[in-house]
Amino acid sequence: MVLEKLVSVRTAVKEPGWMFLIGGIISVTCLTISFFIFETSVGLFTTFLVTFSMTPFMLNLVVRQEEIEEDEREIKKLNILQRHKDILKVYAAFFAGMILSLSIIYLMLPEHTVEKLFEDQINEIKIIRGSFLFFDNFQKIILNNIGVLFLCFVLSFIFGAGAIFILAWNASVLSAAIGMAAKSIGGLKGLPLAVIIFFPHGVPEILAYFIGGIAGGIISAAIVRRKSPRFFFIVRDSFKLMGISVLLLVLAAFIEGIALLI
């Protein structure tokens, strides 16, 4: 694959900054291709293309993580997040690059072009705002987010790195939301403030989805390998990661619920 010729999994783990750059390049490239080929649903097809281009790389990353858990003698001395910090850094760097690049595109292009490029994401934002505008905000938010988390886990469990689609879609929706907020407070110079607005609940929410996807991916890789001598250790790790994800979503929902009431 061309991507792995440019940046290997080993390089991505050692220097996550490369994945930030790759996230920007891949997302902009996929958005451009979708704009010219899939005019009826640019946002959705952009997500499909990002998923298609990144799944082999992310799958190799997940397999590498499972092999580390199997072979590293000192692994038990680390806490669960330390054991998975490498893959978390790569995920975070890639999707941060994707979010920043798409947010800038949203701000820089003419309004009619933006509406075409981000039509799917804008519609999703309107649905979210309408659903959570009235009473019982916390319960609605937490149930919705846990449903997304479960989907991340299941897709990664079945396909190894299947959560990439959910993560890419959420990253694109967040990009549109940040772009909309930045436009309303001064354009490009309002981008830092727009990021800060979504930072309190956006970070724990996206992090929860990362961790859920990793949880499904490592257990999927362990099952495929079958003879893994530390299979049950990996399974236990996977469920612990899911527990952490749920706690992060509760925190994110609490913060978001308060923000909606203000």
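Below or above, wherever it landed, is the structure these notes cover.

Criteria and thresholds
Residues numbered from 1 in each chain as written. Predicted model: local features only at pLDDT ≥ 70, side-chain atom pairs only at ≥ 80, totals over all residues. Heavy atoms only, no water. Helix = DSSP H or I, 4+ residues; strand = E, 2+ residues; numbered from the N terminus. Buried < 20%, exposed > 50% of the residue type's maximum accessible area, 1.4 Å probe, protein only. Contact = heavy atoms within 4.5 Å. Areas by Shrake-Rupley, 256 points an atom, 1.4 Å probe, with all protein chains shown as cover. Core = buried A, V, L, I, M, F, W, Y, C linked by side-chain atoms within 4.5 Å. Patch = residues over 30% accessible without salt bridge, like charges linked within 9 Å, V, L, I, M, F, W, Y side chains within 5 Å. Salt bridge = Lys/Arg side-chain N within 4 Å of Asp/Glu carboxyl O. Axes fitted to C-alpha atoms, helices over the stretch in contact; angles between N-to-C directions. Parallel < 35°, antiparallel > 145°, perpendicular 65-115°, else oblique. Left-handed = near helix turned anticlockwise from the far one by under 90°. Nonpolar A, V, L, I, M, F, W, Y, C, P; charged D, E, K, R; others polar. Expected span 1.5 Å × (residues − 1).

This paragraph deals with the overall build of the chain. Broken down by element type, the chain carries twelve helices and zero strands. Listed by position from the N terminus, the elements making up the chain come as α-α-α-α-α-α-α-α-α-α-α-α. The buried share among the 262 residues of the chain stands at 51%. Sequence separation of at least 24 residues holds for 77% of the intrachain contacts in the chain that already meet a minimum separation of 6. Here the chain has roughly 13,000 Å² of accessible surface; of this, 71% comes from carbon and sulfur atoms.

Moving on, we get to the nonpolar core. Within soluble globular proteins, side chains that are nonpolar tend to cluster in buried spots. If you look at the biggest cluster of nonpolar residues, it comprises 77 residues, and the most contacted ones within it are Met19, Met54, Tyr91, Phe94, Phe95 and Phe118. When residues of this core are assigned to their parent elements, the largest contribution, 14 residues, is made by helix α11 (residues 191–225). If sequence neighbours within four positions are ignored, phenylalanine 118 has contacts with Leu31, Leu102, Ile105, Tyr106 and Ala176.

Side chains of Phe20, Leu100, Ile104, Met108 and Leu188 sit close together on the surface and give an oily, nonpolar patch of about 430 Å² of accessible area. Structurally, the position occupied by leucine 188 is in the loop between α10 (164–184) and α11. Residue class for leucine 188 comes out partly exposed when judged on its relative accessible area of 45%.

Running from amino to carboxyl end, helix α6 (residues 85–108) crosses α10 at an angle of 40°, the nearest separation of the two axes being 8 Å. The orientation of α6 relative to α10 falls into the category oblique. In the packing of α6 onto α10, the handedness of the crossing is right-handed. Broken down by class, the residue content of the contact of α6 with α10 amounts to 16 nonpolar, four polar and one charged.

This brings us to α6. With 24 residues, α6 should reach 34 Å at 1.5 Å per residue; the first-to-last C-alpha distance of 34 Å fits that figure. Counting buried positions along α6 gives 17 out of 24 residues, so the element sits mostly inside the fold.

Take the pattern of salt bridges next. Note on pairing: side chains with opposite charge can pair once their charged atoms come close. Enumeration over the complete set of coordinates arrives at three salt bridges. Where lysine 85 meets aspartate 86, a salt bridge forms, and the shortest distance between an N and an O atom there is 3.5 Å. Judged by relative accessible area, lysine 85 falls into the partly exposed class, the value being 42%. What makes aspartate 86 buried here is its relative accessible area of 16%.

Purely geometric stuff here, so don't read any function into it on its own.
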